Amino acid sequence: MEQIAAKLDDRFRLLSSGSRTALPRHRTLQAVVDWSWDPLSGEERELAMVLAAFPGGATLEALEAVSGLDPLDALTALVDKSLVELSGERYRMQETVRSYGMARLAESGRDRAVRDGHARYFLRLAEAADPELRGAGQLHWMDRLRAEHDNVVAALRFAAEAGDAELGVRLPAAMWWFWYLQGMLTESVRWTRGVLDLPGEVPEELRPVRLVLQGLLHQQLGDVAAAREAVLAGLDLRDRLGRPAGVVLLVGPVMIGDLMAAARAGERLLPGLTGWERALTLMLMSSAAESDGDIAGAFTLIDGARREMELLGDRWALSSALRLLAEHHDRRGDPGAAIEARSRALRLAGELGVLEDQAAILAKIAISYARSGEHDRARSYMEASWDCARRMRRQEGVEYLRLSQIEVLLWSGALEQARRELTAVEDPSYPPDVRAWAACFRAMAALLDGDRPGAGPSLDIAMELGDLPILAAAAHVRAATLADDEPARAAYLLGAATALLGTEDRSGFGDLLRPAERARAALGDEAFAAAYESGAALARDAALSAVRPA
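Let me sum up the structure you'll find in this document. Keep in mind that what you see is a predicted model, and the values were worked out from it rather than measured.

## Thoughts on the side chain of S507
Part 1 of the reasoning: You can see S507 is positioned in the loop between α27 (487-501) and α28 (515-523).
Part 2 of the reasoning: Assessed through its relative accessible area of 17%, S507 is described here as buried.
Part 3 of the reasoning: At 2.9 Å, the side chain of S507 and the side chain of D505 are in polar contact.
Part 4 of the reasoning: The contact partners of S507, leaving out residues within four places of it in the chain, are D330, R331 and R371.

Have a look at this one:
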C-alpha cells in the first residue's frame, strides 16, 4: 500500500514534467484538475495544499492548527467547487485531487514544513488521548483515534523520512495502548519498524521507553531473546534514571511473557504510583502471587485493584480485574459469583470491542457451565468464543481458547475430539503453561478412558513445566490415579495440593475424576481427613517434593 501511495503522489509530478509516457487519460485528468485549480484564490490554494497532507481527511480544528488560517470560508468554497468533500465533520479529497495537491505543495518548497506541522498536531492529539484511553471517556477517544489513524500513520512515515528520532519514539509510545486495545499490534510493526531504530539521541526520559518499544517490536517479529534483552534493559535504565512508570514500561514485561518481572518492577514503584498505574500494578502483583501459590494474598491484591478500577472507569482494566476476581470465586466454590463477574467483564469488553478479551471470557464461562453439568450452555458459550476468535485481527492466544475447549469436551465425554484438540496445543513453541495444561488434560483423557499407565508420562510433563496452580491441578489428577489402590496416598496428595495454593481448591476442576470422593469411600471419613490434613500441613517446599517426586 505504501508503494501504491508513493506512485499516486508521483502521478502529477510526472504529468507536470511533460513525460512522453503519460497516457492521454492522465493528461485529461490533469487538465480537469488544472481547470478547477487555476481559478482558486491564494487562500483556497493554500488550504487545498495543506488538506492534501491529510490522507485521512481533516477536521476544521486540525486544518486551523496546521495551516494557521481561519479555514471555514475557503473550505466552503473548495466544497462548492467539488475539490473537497464534507463528510460529517471531516473534510476530504478524492485521492487523485489529493495527489495533485501534494505535487503542488512540493513545488512550493513547503511540503516538509506542512508535513512537520501535520505530524506535530497528531503527536499532540495522541499524547492527549493516551491517558484518556484508561478512563471513563475512553470510548470517545478511541473513536477519535480510529478516525485519525491514517493521519497518525502518515506522521510516522514523515518521522522516518525526516530522521526525527524523538518523534519516532513519542508517537508510537502514545499510540501503543490504542493499538493494543484495538488488536493492532501486529499491524503496528509496519508503522514502527522505520522509526524506532532511527539514529540520534532522544531525551533522557524517552530512552527507557525506546528500549522497551524496540523489545516489543522484536517480540512481534519473533525474536524472543532480543525482545527480552531490550525490555529488561529498558526497565533497568528506567530504575537507574528514576523515571516515571508509564503504560509501556509497566506492561512491556507482560507482553514478553515475564509476569514475575512485571510484578517485581511494579512493586518497586508502587509507593509512588497513583490511579490507573497503581491499580494495574496491584493486578500484576496479584497474578504473580497466585502463580507463586499465595492465593490469599492474590485475592486481597485483586480486590483492591478492582475497587480502584471501579472509581477510574476504565472498562478494560475493570474487566481484567473482574476476570481475575472470578478465578478466586471459582476456587472458593462459588460458580454463580464467578459467572456474574465474568458476565460483567464480558459486557465491558464488548463496549470496548476487544474481541480477544470477549473470546477468553466466553470460554471461561463455558468451563463454569461444563463443570456444573450444563453441557448445552457450555457448548453455546464455546461457539460464541470461537466466533469472536474468527473475527480477531490476530490469532495470538487462541491456544488458551483450545485449552478451554478441551476441558469442555472432557466434561461432555467427547474424548476423541478432546484428543484431536490436544494435538494442536502441544506445539513446543507454545508457552510452558499451555503445554503443562495440555499435558494435564491428556492425562485426564487417559484416565477417563481407563488407561491409568498412559496418564503417567503426561503428568510428568505437567509437573515439570507448570507453575504452582498447575502443579496443584496435576496433583489432583495424580491423586485420581491412586484413589482406588492407594487411597491414603491420594488423600495426602490432595492435601499437599492445598498446601501449595494456601487454600483448598473448590473450583470443581478435580470433580471430573472424583479423586477425593473415591479415596474417601475407600478410607472412610476419619482416615481420609487424617491423610488429607497431613498433606495440607506441609510447608511449601515439602509440598512441592510430595507433589513432584524426584
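Here the narrative resumes, following the displayed structure.
## Quick word on helix α17 (residues 295-312)
Side chains that are three or four residues apart share a direction in an α-helix, a result of its 3.6 residues per turn.
Part 1 of the reasoning: Taking 1.5 Å per residue, 18 residues should reach 26 Å; α17 reaches 26 Å between its end C-alpha atoms and fits that length.
Part 2 of the reasoning: Packed against the buried residues of α17 are α16 (275-291), α18 (315-331) and α27.
Part 3 of the reasoning: G313 lies just past α17 and shows a positive phi near 85 degrees.

## Quick word on the pattern of salt bridges
Part 1 of the reasoning: A complete count under the given rule lists 43 salt bridges for this structure.
Part 2 of the reasoning: The closest approach of N and O atoms between R120 and D116, which form a salt bridge, is 3.4 Å. In this pair, R120 and D116 both sit in helix α7 (residues 111-132), four residues apart, roughly one turn of the helix.

## Comments concerning the side chain of R210
Part 1 of the reasoning: Looking at the element boundaries, R210 is found in helix α12 (residues 207-220).
Part 2 of the reasoning: Despite its burial, R210 pairs with no opposite charge; the closest candidate is E201, at 5.3 Å N-O.
Part 3 of the reasoning: Among residues more than four places away in sequence, those in contact with R210 are A165, V169, L196, L198, G200 and V202.

## A word on the nonpolar core
Part 1 of the reasoning: Residues F54, L171, W176, W177, W316, L410 and V477 are the most contacted members of the largest nonpolar core, which totals 184 residues.
Part 2 of the reasoning: A total of 13 residues in this core trace back to one element, the largest contributor, which is helix α10 (residues 165-181).
Part 3 of the reasoning: With residues near it in sequence (within four places) discarded, W177 still touches D130, L133, R134, V247, V251, W276 and W316.

## Some thoughts on the environment of D223
Part 1 of the reasoning: Here D223 lies in the loop between α12 and α13 (224-241).
Part 2 of the reasoning: Look at D223 and you get partly exposed, because its relative accessible area is 37%.
Part 3 of the reasoning: Distance in space between the C-alpha atoms of D223 and G109 is 42 Å, their sequence separation being 114 residues.
Part 4 of the reasoning: Within the structure, D223 has its side chain in polar contact with the backbone nitrogen of A226 (distance 3.2 Å).

## Notes on the sheet that holds strand β2 (residues 85-87)
Part 1 of the reasoning: Overall, antiparallel pairing links the three strands, which are arranged β1-β3-β2 in an open sheet. If you trace the sheet from one side to the other, it starts and ends with β1 (58-59) and β2, each paired once.
Part 2 of the reasoning: In terms of strand pairing, β2 meets strand β3 (residues 90-92) through three bridges, oriented antiparallel. By the bridge assignment, E85 is partnered in β3 with R92.

## Remarks on a negative patch on the surface
Part 1 of the reasoning: A grouping of E43, E64, D70 and D73 is seen on the molecular surface, where their side chains present a negatively charged patch.
Part 2 of the reasoning: Note on placement: D73 falls in helix α5 (residues 72-80).
Part 3 of the reasoning: Residue classification places D73 among the exposed positions, given a relative accessible area of 64%.

## Comments concerning the packing of aromatic side chains
Part 1 of the reasoning: Tallying each qualifying case throughout the model produces 16 aromatic pairs.
Part 2 of the reasoning: Residues F441 and F509 carry aromatic rings whose centres are separated by 6.4 Å and whose planes lie at 50 degrees to one another, so their mutual orientation is tilted. One end of the pair, F441, is in helix α24 (residues 432-448); the other, F509, is in the loop between α27 and α28, and 68 residues separate them in sequence. With respect to burial, F441 and F509 carry one shared label: buried.
Part 3 of the reasoning: An aromatic cluster is built from W176, W177, Y180, W276 and W316, whose rings are joined through pairwise contacts.
Part 4 of the reasoning: Over the aromatic face of Y100 sits the side chain of R104, whose NZ or CZ is 4.7 Å from the ring centroid.
Part 5 of the reasoning: A cation over a ring is seen here: R332 above F299, with NZ or CZ 3.8 Å from the ring centre.

Scoring rules and cut-offs
Residues numbered from 1 in each chain as written. Predicted model: local features only at pLDDT ≥ 70, side-chain atom pairs only at ≥ 80, totals over all residues. Heavy atoms only, no water. Helix = DSSP H or I, 4+ residues; strand = E, 2+ residues; numbered from the N terminus. Buried < 20%, exposed > 50% of the residue type's maximum accessible area, 1.4 Å probe, protein only. Polar contact = N/O pair within 3.5 Å; in protein donor to acceptor, adjacent residues only side chain to side chain. Contact = heavy atoms within 4.5 Å. Expected span 1.5 Å × (residues − 1). Salt bridge = Lys/Arg side-chain N within 4 Å of Asp/Glu carboxyl O. Lys, Arg positive; Asp, Glu negative; His and termini not counted. Core = buried A, V, L, I, M, F, W, Y, C linked by side-chain atoms within 4.5 Å. Pairing = 2+ DSSP bridges. Patch = residues over 30% accessible without salt bridge, like charges linked within 9 Å, V, L, I, M, F, W, Y side chains within 5 Å. Areas by Shrake-Rupley, 256 points an atom, 1.4 Å probe, with all protein chains shown as cover. Charge placed at Lys NZ, Arg CZ, Asp CG, Glu CD. Phe/Tyr/Trp six-rings, centres within 6.5 Å; stacked < 30°, edge-to-face > 60°. Lys NZ or Arg CZ within 6 Å of the ring centre and 35° of its normal.

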